[in-house]
Amino acid sequence: MDFVSRITRAPRAYEKDRGVEIGQIFGDQPTALKEVLIGAGGSSPFLYSVMEKQANWLRQALSTAPEDAFAGILLEIDGLADRDLGQGLRRAKSRLSVLAALSDLAGVWSLEQVTAALTDFADRAVARGVTSLVAAEIDRGKLPGAYEEDKACAGGMAVLAMGKMGAHELNYSSDIDLICLFDESRFDADDYSDARASLIRVTRQLTRLLSDLTADGYVFRTDLRLRPDPSVTPVCLSMEAAAQYYESVGRTWERAAHIKARVCAGDFAAGQNYLKNLRPFVWRRHLDFAAIQDAHDMRLRIRSHKGLHGPIILEGHNMKLGAGGIREIEFFTQTRQIIAGGRDESLREPATKMALDRLAAKDWLPADTTEQLKADYTAHREIEHRLQMINDTQTHELPKTKEGFERLAALAGRDVAELRDDLATRLTRVQAMTEGFFAATKSAETPTQLSVVMSEVVSRWRTYPSLRSSRAAEIFERLKPEILTKLQDASAPDEALLQFDDFLSGLPAGVQIFSLFEANPQLIDLIVDIASTAPRLAHYLGHNAQVFDAVIGGDFFAAWPGKDALLAEFKQAVDRVPDYEGKLDAVRQTMKEWHFRTGVHHLRGLISAQQSGTEYAVLAKCVLGVTWPLVVAEFSAKHGPEPGRGATILGMGSLGSGRLTAVSDLDLIVIYDAGDVENSEGGRPLPTRTYYARLTQALVTGLSAAMSEGRLYEVDMRLRPSGRKGPVATSLNAFRSYQLTEAWTWEHLALTRARPIAGHQGLGQEIDAFRAEILQAKKNKNQILNDVIDMRARISEAKVDFGDWDAKLGNGRLQDIELIAQTAAMLAGSPARTAPEQLAAGIEIGWISAADSEHLLGAHDLMWRLQAAGKLLGDESVDIASLGQGGLNYLLRETETRDASDLAAKISMVTAKASQVIDKLLNEAE
């Protein structure tokens, strides 16, 4: 569609005589178009002058679609000879200025189309300028090591578009913010200084080419001050120097600025690689709520510097930097992106309105807030454009006079009173919406009635590492009254405070976590709930506070997603990181978040003890499933691929049976099949046995080594053939031979719960089939039962006595019942791995009655619930005396008992009955 057919609005002529003159110049144009031209020329002296000078070109341009006219402007730039760049770019900019203004004023282009056209023109102008100027340096032999083929990529120089240009949001009379860099790796050390000097010269020439005001006007005012430390660095600096600056002293505002950074000219490949390497600086792995205060402080500094404090008064109000203005919406949006964009790449959107949409889609903003901010942002930007169109000045200030407002209203095609009301409403609304986000929460009053214990504990908080910085202490002081109030409301305030104190003392730093609490008060409820119930979990949080990110950044309280979805999340996290250690840290971070999630769900009664055990086990399987390939790939890079078919990891014990507690170790066996291969093939080949032994050790290190994100699991490999005396990795043939000829009864009992977890799938299936063969082989019932009796006696003699509250060790308790269930599986030759399935196999062969099985399963269920809850509360067995009221309440809820006495009686009754059943079953041995 052509320009005229798309007109939806028109400005009015503020200066009637100028409008008449424009009408005479374009008297041959359609009535609707002439109305737009008269209104524009009659209200904007700048547009009047351009329309007068470009009348012939403008007639032709407006006879077609504005997109076609704009394409013609870009083609004009492409066709310019290098010697004509200065004049040609200025002529093209003049034409774009009038085309964009008229398309805006007539409603032919949306705001996004206007800003995109201005930005695309800036991109083309900068690219032509850089390419031409670097080519001249190469032709003169001033850029060492650069030749004809290097002209296309500007000899390794890359120009970053920042700010509104980077986001394709240039305003009508905008500066362009650029950072000029060069790829130092392209130059020899001896040539570095000359290359640097040459590209600094190019940058200065580029600035003059674009910025100098001549008889033909200017192209763009160019600002290079967003580069690192502009007061002391050259206008073009190496990518290495820039990266080192950001990594060492980069500030939050510089991170926010790089949300919009993109390569607009020069060596795109080098520039994009630079920005990719800078992502860890811009996008932090953890939710960064401290950025809120940084942005708030920057807002206040800008207002103070520009004298923009005080109430909103329309006369002279700054639409960009003033209260309720454009920058408020941009800060509001970018700060939320900074907070969450490290975890969610979909939020890394440079354009403001699109970023708001993405934030809303991920529930970081209410939909109605998003729509209102987008509407206000559009209205603000359109007023900004009209202010600038009047005299082509980079102004953002509303008029200070009545006449000025009348001119602005005429150019906008609106009534003065209606325009003023609309401006006041939008500015006030934006100020209210953004101020509530940025301004620090006012402190409540600290409770005055603190017990002696509480007072002593609170008095030592200021000595903790997390409160040593003044900023952390300032934020915490605002939080402390609410925290103390909630702790006092706990069922046992002093106990809750002591556990919160343990959490606080473990924090290595405080700004981030306290900012997180301040922005999300529901987290204070969660930490108080944990502190008053689960000491171990509170301690864990003190050393892994980053897991709070999961509460805010995702569907924390949604249902368990299942193994496939969870494994996909692990793989996605790993794929985002390039190096081995980083990938392992990504696994640790993801594991900790899901581990914490399961613990909180169990603590709050959202899942049962049985479900928590399943979730912990599935989580461990996912960790092994994603970690093993990483370890293999890293090891193979040094010593060659796995010899033969490779290896399989067997999960034993609780992992094999599919149920873990919050603190379970992983019992593993590694079995490999190298066939006839004697050595690996790689840069540093190893004998097969050594290869798999070291590969297994690498896995154990990857799982259990304490790294920056902590450790994953403790690993126990004592269930492998020959225990501690045997090799850490066992060949398939050796495993077969051992199980057939040497294995003790207890080792076959352990095999009843073995399960392939990771590694070579075909090998795992073969091992599982062999396991079934071993269990189905003809058994000597009396020998098995006698061996079990002997094992039971040894366990009883060796066990540490944790008393009546021990869920695992002792007659009729978990280990005792699981031992008899495994015995049932062996006697039945059943491949079943869980206690209920194994006891069911015992019923099928007539070794155990259904009634006795029910007694065992009832005791097993109670003791599992006791153990699962107890391990969430503390690493050792439950100690009722030191548990605290919150922990006791949780334990009673989980075991469905009234009080400690009722629980003790229930434990005594069910374990005694289970022990009687087990004694009866084993007494069948001759």
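Residues numbered from 1 in each chain as written. Predicted model: local features only at pLDDT ≥ 70, side-chain atom pairs only at ≥ 80, totals over all residues. Heavy atoms only, no water.

Novice: Where do I start with the pattern of salt bridges in this structure?
Specialist: Opposite charge on two side chains permits pairing when their charged atoms draw close. The full count for this structure, using the stated rule, is 56 salt bridges. The salt bridge involving Glu 112 is made with Lys 353; its shortest N-O contact spans 2.7 Å. Linking Glu 112 in helix α7 (residues 111-139) with Lys 353 in helix α15 (residues 352-361), this pair joins segments that are 241 residues apart in sequence. A residue is classified by how much of its surface remains accessible, and Glu 112, at 38% relative accessible area, is partly exposed. Note on Lys 353: relative accessible area 17%, which makes it buried. Notably, a salt bridge pairs Glu 254 with Arg 251, separated by 3.4 Å at the nearest N-O pair. (Salt bridge = Lys/Arg side-chain N within 4 Å of Asp/Glu carboxyl O. Helix = DSSP H or I, 4+ residues; strand = E, 2+ residues; numbered from the N terminus. Buried < 20%, exposed > 50% of the residue type's maximum accessible area, 1.4 Å probe, protein only.)

Novice: Looking at this structure, how should I read the nonpolar core?
Specialist: A general trend in soluble globular proteins is that nonpolar side chains are found buried together. Judged by nonpolar contacts, the single largest core of 131 residues is most densely connected at Trp 461, Phe 500 and Phe 514. Here this core takes 15 residues from helix α28 (residues 609-639), the largest share from any one element. Excluding its chain neighbours within four sequence positions, the residues that come into contact with Phe 500 are Trp 461, Phe 476, Ile 483, Leu 487, Ile 527 and Ala 531. One finds Ile 73, Leu 118, Ala 125 and Ala 265 within the second-largest nonpolar core, a separate group that totals 78 residues. (Core = buried A, V, L, I, M, F, W, Y, C linked by side-chain atoms within 4.5 Å. Contact = heavy atoms within 4.5 Å.)

Novice: Any chance you could explain the environment of Val 788 here in plain terms?
Specialist: In this fold, Val 788 is placed in helix α34 (residues 781-798). Judged by its relative accessible area of 0%, Val 788 falls in the buried class. Remark: the alpha-carbon pair of Val 788 and Asp 194, spanning 594 residues in sequence, is separated by 82 Å. Beyond its immediate chain neighbours, meaning those up to four positions away, Val 788 contacts Leu 749, Leu 819, Thr 823 and Leu 922.

Novice: What exactly am I supposed to notice about the packing of helix α38 (residues 885-895) against helix α39 (residues 900-922) here?
Specialist: Each pair of packed helices can be summarised by the angle the axes make with each other and by the distance between the axes. Contact geometry of α38 with α39 gives a least axis separation of 10 Å together with a crossing angle of 40 degrees. Relative to α39, the element α38 lies oblique. Viewed along their axes, α38 and α39 form a crossing whose handedness is left-handed. Within the contact between the two elements, α38 uses Leu 891, Leu 892 and Thr 895 and α39 uses Ala 900, Leu 903 and Lys 906. A breakdown of the residues in the contact of α38 with α39 according to their chemical character gives four nonpolar, one polar and one charged. (Axes fitted to C-alpha atoms, helices over the stretch in contact; angles between N-to-C directions. Parallel < 35°, antiparallel > 145°, perpendicular 65-115°, else oblique. Left-handed = near helix turned anticlockwise from the far one by under 90°. Nonpolar A, V, L, I, M, F, W, Y, C, P; charged D, E, K, R; others polar.)

Novice: Would you take a moment to explain the pairing of strand β6 (residues 646-651) for this structure?
Specialist: Regular strands show a simple pattern: their side chains alternate between the two faces of the sheet. Of all six residues that make up β6, six are buried, and the element is covered over most of its length. Looking at chain direction, β6 and strand β7 (residues 666-673) are connected through six bridges and run antiparallel. Residue Gly 646 lies in a different strand from β7, and its bridge partner there is Asp 673. Relative to strand β10 (residues 755-759), β6 runs antiparallel, the two sharing four bridges. Bridging across to β10, Gly 651 finds its partner in Arg 755. (Pairing = 2+ DSSP bridges.)

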